[in-house]
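One letter stands for each residue in the lines below.
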Amino acid sequence: QVQLVESGGGLVQPGGSLRLSCAASGSVFDINTLGWYRQALTNERELVALITKGGNTNVAQSVKGRFTVSRDNAKNTAYLQMNGLKPEDTAVYYCKIITTGGYTYWGRGTQVTVSS
């Protein structure tokens, strides 16, 4: 079993920055891919960015150039640095991992609100 806890969300003005963290605990020795997803009030959950165990990244076109995903394998933590935030980035942000055995785990999410 793996537990994920997201943190770092909050209220920020347009153009501002936030850094989200996703801390994994439990059977964390076999984490393969870490991903960040978001879900706005009326939308489906969508992929924001992901990073593999080897450090390869994939970032959604809508946030490319503004958001950066990284991970610290020693701390079992993933990060999402969000710069140049826009009101349309407002959503609940979720962390997801896929283990080497193919199991998927989700965190409970952290709210990000971009508003003046």
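Residues numbered from 1 in each chain as written. Predicted model: local features only at pLDDT ≥ 70, side-chain atom pairs only at ≥ 80, totals over all residues. Heavy atoms only, no water.

## Overview of the side chain of Thr33
Right, so step 1: Mapped onto the elements of the fold, Thr33 is located in strand S4 (residues 31–39).
Right, so step 2: Residue Thr33 is classed as buried on the basis of its relative accessible area, which comes to 18%. (Helix = DSSP H or I, 4+ residues; strand = E, 2+ residues; numbered from the N terminus. Buried < 20%, exposed > 50% of the residue type's maximum accessible area, 1.4 Å probe, protein only.)

## Focus on the packing of aromatic side chains
Right, so step 1: Enumeration over the complete set of coordinates arrives at two aromatic pairs.
Right, so step 2: Look at Tyr37 and Trp106: their rings are 5.0 Å apart centre to centre, the planes differ by 65°, and that puts the pair in the edge-to-face class. Within this pair, whereas Tyr37 is found in strand S4, its partner Trp106 is found in strand S10 (residues 104–106), the two being separated by 69 residues in sequence.
Right, so step 3: The buried category is assigned to Tyr37, whose relative accessible area is 15%.
Right, so step 4: Owing to a relative accessible area of 37%, Trp106 belongs among the partly exposed residues under this scheme.
Right, so step 5: Seen in terms of ring centroids, Tyr94 and Trp106 are 6.4 Å apart; in terms of plane orientation they differ by 85°. Their pairing is edge-to-face. (Phe/Tyr/Trp six-rings, centres within 6.5 Å; stacked < 30°, edge-to-face > 60°.)

## Brief notes about the nonpolar core
Right, so step 1: Ranked by size, the top nonpolar core spans 29 residues in total, and within it Leu4, Trp36, Val48, Phe67, Leu80, Met82 and Tyr93 carry the most contacts.
Right, so step 2: At the level of elements, strand S1 (2–7), strand S3 (18–26), S4, strand S5 (46–51), strand S7 (67–72), strand S8 (77–82), strand S9 (91–99) and strand S11 (110–114) are the ones that each hand at least two residues to this core. (Core = buried A, V, L, I, M, F, W, Y, C linked by side-chain atoms within 4.5 Å.)

## Describing the side chain of Glu6
Right, so step 1: Position of Glu6 among the secondary structure elements: in strand S1.
Right, so step 2: Separated by 3.1 Å, the side chain of Glu6 and the backbone nitrogen of Arg108 make a polar contact.
Right, so step 3: One polar contact links the side chain of Glu6 to the main-chain amide nitrogen of Gly109, over a distance of 2.8 Å.
Right, so step 4: If we skip the residues at most four places from it in the chain, Glu6 touches Ser21, Cys22, Trp36, Tyr93, Tyr94, Cys95, Gly107, Arg108, Gly109 and Thr110. (Polar contact = N/O pair within 3.5 Å; in protein donor to acceptor, adjacent residues only side chain to side chain. Contact = heavy atoms within 4.5 Å.)

## Section: the state of the cysteines
Right, so step 1: Taken as a whole and assessed by the stated rule, the structure comprises one disulfide.
Right, so step 2: Across a sulfur-sulfur distance of 2.0 Å, Cys22 and Cys95 are joined as a disulfide pair. One disulfide, between Cys22 and Cys95, carries an S-S torsion of -75° and so falls in the left-handed class. Of this pair, Cys22 sits in strand S3 while Cys95 is found in strand S9, placing the two residues 73 residues apart along the sequence. (Disulfide = S-S within 2.5 Å.)

## Digging into the environment of Thr33
Right, so step 1: The sequence separation of Thr33 and Val59 amounts to 26 residues, and the corresponding C-alpha distance is 13 Å.
Right, so step 2: The residues contacting Thr33, other than those within four sequence positions of it, are Leu50, Ile51, Thr52, Arg71, Lys96, Ile97 and Ile98.

## Section: unusual backbone geometry
Right, so step 1: One non-glycine residue, Asn76, adopts positive backbone phi at about 50°.
Right, so step 2: Note that Asn76 resides in the loop between S7 and S8.
Right, so step 3: By relative accessible area, which is 24% here, Asn76 ends up partly exposed.

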